[in-house]
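Tertiary structure, described
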Amino acid sequence: MQKIFQTSFWTVALSVSCATVHAQQSSSAVLSEVCPLPAPLFKTPIQPIENLQPGAIGVRADRADIDSQSQVASFFGNVEVQFDQQQLRTQQAQIDQLSGNINASGATLFTDGYVQVSSENFRLNSGENRAFLSGAEYQLTETGAHGKADILSLSPQQVLLEGSTFTTCPSDSPVWQMSAQEISLNEDEEWGEAWHAKFELFGLPVLYLPYINFPVTDARKSGFLFPTFGSSQKNGFEVEVPYYFNIAPNMDATIAPRYMAERGTQIQAEFRTLSETGNGQYNVAYLEQDKSTDDNAARYLWRIEQNQRWGEHWRGYINGTFISDDDYLNDLGSDFAGRADAQLYRHAQLDYLNENWQVTMRAEDFELLGSYRSPYRTMPQIKSYYAANAGFDVDFALFAEMSHFQNQDLSQDTATRMHIEPQLSYHLEQPGYDWLAELSYAYTYYNQDADFENNRSENPSRSLPTFRWRGRVNLERNIDIKQRNYTHTLQPQIQYLYTPYRDQSGIGIYDSTLMQDDYQGLFRARRFSGLDRIADANQVTIGASSSLFDQQAREIARVSFGQIYYFENSQTQLFDTSTETSESRSDLALETRFRINDNMFFNSSIQYNLELNSTRKSQTTLEYRLNEFNLVQLSHRTVTNLLENDVEQVGMLGVVELSPRWQLASNWYYDLQNSRTNDAFIALQYSDCCWAMRISGYRRINRNLEINTGVPDLGAPEFDNGISVQFIIKGLGSDNRSLLDMLEQSLFGYRHPFHLSN
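Residues numbered from 1 in each chain as written. Predicted model: local features only at pLDDT ≥ 70, side-chain atom pairs only at ≥ 80, totals over all residues. Heavy atoms only, no water.

Quick word on the environment of R89
The line we're drawing: Helix numbering and strand numbering both begin at the N terminus, where a helix is a DSSP run of H or I of at least 4 residues and a strand a DSSP run of E of at least 2. Should any heavy atoms of two residues lie within 4.5 Å, those residues are considered in contact. The term polar contact refers here to a pair of N or O atoms within 3.5 Å; inside protein, the definition further demands a hydrogen-donor-capable atom paired with an acceptor-capable atom, and it admits residues adjacent in sequence only when both atoms are side-chain atoms.
Along the chain, R89 falls in strand β5 (residues 86–96). Placed 29 residues apart in sequence, R89 and R60 show a C-alpha to C-alpha distance of 9.5 Å. Residues within four places of R89 in sequence aside, it is in contact with F42, T44, P45, I46, V79, E80, A107, T108 and L109. Separated by 2.9 Å, the side chain of R89 and the backbone oxygen of T44 make a polar contact.

Comments concerning the pattern of salt bridges
The condition that has to hold: Every case where a carboxyl oxygen of Asp or Glu lies within 4 Å of a side-chain nitrogen of Lys or Arg is listed as a salt bridge. Remark: exposure states derive from per-residue accessible area (1.4 Å probe, protein chains only) relative to the maximum for the residue type, with buried under 20%, exposed over 50%, and partly exposed in between.
Counting across every chain of the model gives 30 salt bridges. One salt bridge in this structure joins R417 and D532, with 2.8 Å as the shortest N-O distance. Pair noted here: R417 is in strand β27 (residues 414–429) and D532 is in the loop between β31 (484–499) and β32 (537–549), with a separation of 115 residues, a long-range link. Taken as a pair, R417 and D532 share a single burial class, namely buried. Residue D598 pairs with R595 through a salt bridge whose shortest N-O separation is 3.9 Å. Under the relative-accessibility criterion, R595 is labelled partly exposed at 23%. The structure contains a network of salt bridges with shared partners spanning K234, R263, D290, R299, D325 and D331.

Concerning the nonpolar core
Let me state the cut-off plainly: We call a set of buried Ala, Val, Leu, Ile, Met, Phe, Trp, Tyr and Cys residues a nonpolar core when their side-chain atoms join them within 4.5 Å.
By size, the foremost hydrophobic cluster in this structure holds 49 residues, and its most contacted members are F122, L152 and F166. Counting residues in hydrophobic clusters, the runner-up holds 11 residues, among them L287, L301, Y328 and L344.

Observations concerning the environment of D688
Within the element layout of this structure, D688 appears in the loop between β40 (676–687) and β41 (691–701). Note on D688: relative accessible area 8%, which makes it buried. C-alpha separation for the pair D688 and V175, spaced 513 residues apart in sequence, amounts to 9.9 Å. Within polar-contact distance, the side chain of D688 engages the backbone nitrogen of C690 at 2.8 Å. A distance of 2.9 Å separates a polar side-chain atom of D688 from the backbone nitrogen of W691.

Brief notes about the state of the cysteines
Covalent bonding between the sulfur atoms of two cysteines defines a disulfide. This is how it is decided: Put simply, a disulfide is two cysteine sulfurs that come within 2.5 Å.
Counted under the stated rule, the structure contains one disulfide. With its sulfur 2.1 Å from that of its partner, C169 forms a disulfide with C690. In this pair, C169 is assigned in the loop between β10 (158–166) and β11 (176–186) and C690 in the loop between β40 and β41, connecting sequence segments 521 residues apart. For the pair C169 and C690, one class covers both residues: buried.

Concerning the pairing of strand β12 (residues 191–201)
The criterion, for reference: Strands are treated as partners if at least two bridges between them are detected by DSSP.
The element β12 is largely enclosed, with a buried count of eight among its 11 residues. In the sheet, β11 pairs with β12 via 10 bridges, with the strands oriented antiparallel. Bridge pairing in β12 places I183 opposite A194. Here β12 runs beside strand β13 (residues 204–215); their pairing, made up of 10 bridges, is antiparallel. Across the sheet, residue G192 finds its bridge partner in β13, namely F214.

So this is what it looks like as structure tokens:
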């Protein structure tokens, strides 16, 4: 039977790093089940000794000898030592009550809750507040990182390993490990340091580093991130080596040199900041001389995004991406714009908000990529919106705006627009129906330079009243389908809209474009965005939407359809007569959504011309989605008369988990009009507990925007092909992007089926 002993002196508690190794999140939930933590060295904790005072040492042993003169207590047989949170198990130990030193010979097990150690002996020097263990095997309790050390010493917040190894692989024969002359793990700093380190892969040394620091928790730490290697026809061999700066808890930065054999070395940098009142991100990429161009031109991109709040009422926002040339995105790519983007939108905005007022001051512009009509900047624009109840359930609203426009290429081409629009509305809403009546009057005045367009007047003005009435009926019933209860809703609606015709040909086009006539768009009060054109209207819109909900109130199916009937054709146009209405009715807008089951969705949007029996626009998507690691999406897309061309495209996108360790991602988009593949991508990833390798390749059409003439390309198009290889070591910092994230770098990124745009 064991006996319990307790000494009465004070000793400083030992403490070592509670390390959480910064490992890449597994791309599979199943993978975590086959990557368990190694079996603990200290398998059964010591039963707490009752009434043990803080700082005192409690001992259980089969036998004890205490020398009253030397104040040395010797314990033998199944010795268990407990002091504060630290526990020691051995067969023989000595405790000096005067110095507080502890010595244990033979096989020992030690733990303090953060680290577990199996060693040949144990020695605690109370004066130095440090414990020494030789011939040690250690394991970090929470993360399972482990290794061996000739000598392991413990002090508060530090584990020092001499002649040691370190790995996060759970097996006894790790795929990778770091062996070093000395390794230091620091709990407070949450990082480790190694001197004269060799990095071993599959048992072979592949890299020597005189010094390296690495994260031992998931906290941020300055240092190199793993490089990415690739190759493409346009850029040649590529390698990117990022370095991360942990500046402050709310601030960090990354610098990533990117070498391209065909172009040169590009410097990329990112700075991020976060505060209680806002956040910001700033990026820059600069290539001093592009060797692949005839003039060795400099290529650059810079971007700013900043959100800020000042008190309860004031908000600010800035967002803008700037590039050196139209082909930058196509040639060099970016995380902030797609290769297929036709424009870059930039704006800065300041808002004031209270219960009734909203005032916005903003500056914005569009950069069109390619040889198109030069757009106008808005420098600045001030908008105000006031809303209040006028009594008798009538709402009053007042919208006002002043905008100054400047042509991006011709700085003398300017215009100032002033607009004011009061509105009265009455909205009656009941469970079974609702209706809305609106009456507004819009007055707009322009001061514009007439020299730049022959048909543009110097000071045109426009006055337009608008009347809109919309009514909806909400019908609902319970039905049974295959012995399941559902709620079926039907919402027919009708709208009448009247706006008289005004000749607006003397007004320039600064911020107006034709909006899309999908189902929701049929019930808008205006056909054009902006204020340069307000279309005349004398029309009725009829539509209906029907939905099916299950007992959990989830929408299982929805069908919506609608159409506009014109009493008079609209004469208002933008740049040509294509925006006039010359038919008695609009295209039929039809939208369908089906939740086939918890993982499969179908969505379709169609605009069909009943006069010509042809589809103007359509997009259809079928998606199976188990999770972000297992999804397949099939799509079909049609647009007629887009820049005098018809577009018809089929596509496939998928991310599939072949096994817990193998993942495959791919997309493919085929142009049916030209019988060619416009974009294709495939990536294969192997991932286990210790390492991962990702191999990817792509083929995409080359968009030469700098020489775009606005007419169809003559001859065969050019294509760009490329491959990329990325090796990831888990446990020392890594790339956490999923394969689905990588698909976003293709020409046509992933779209959720419930957020499609055609």
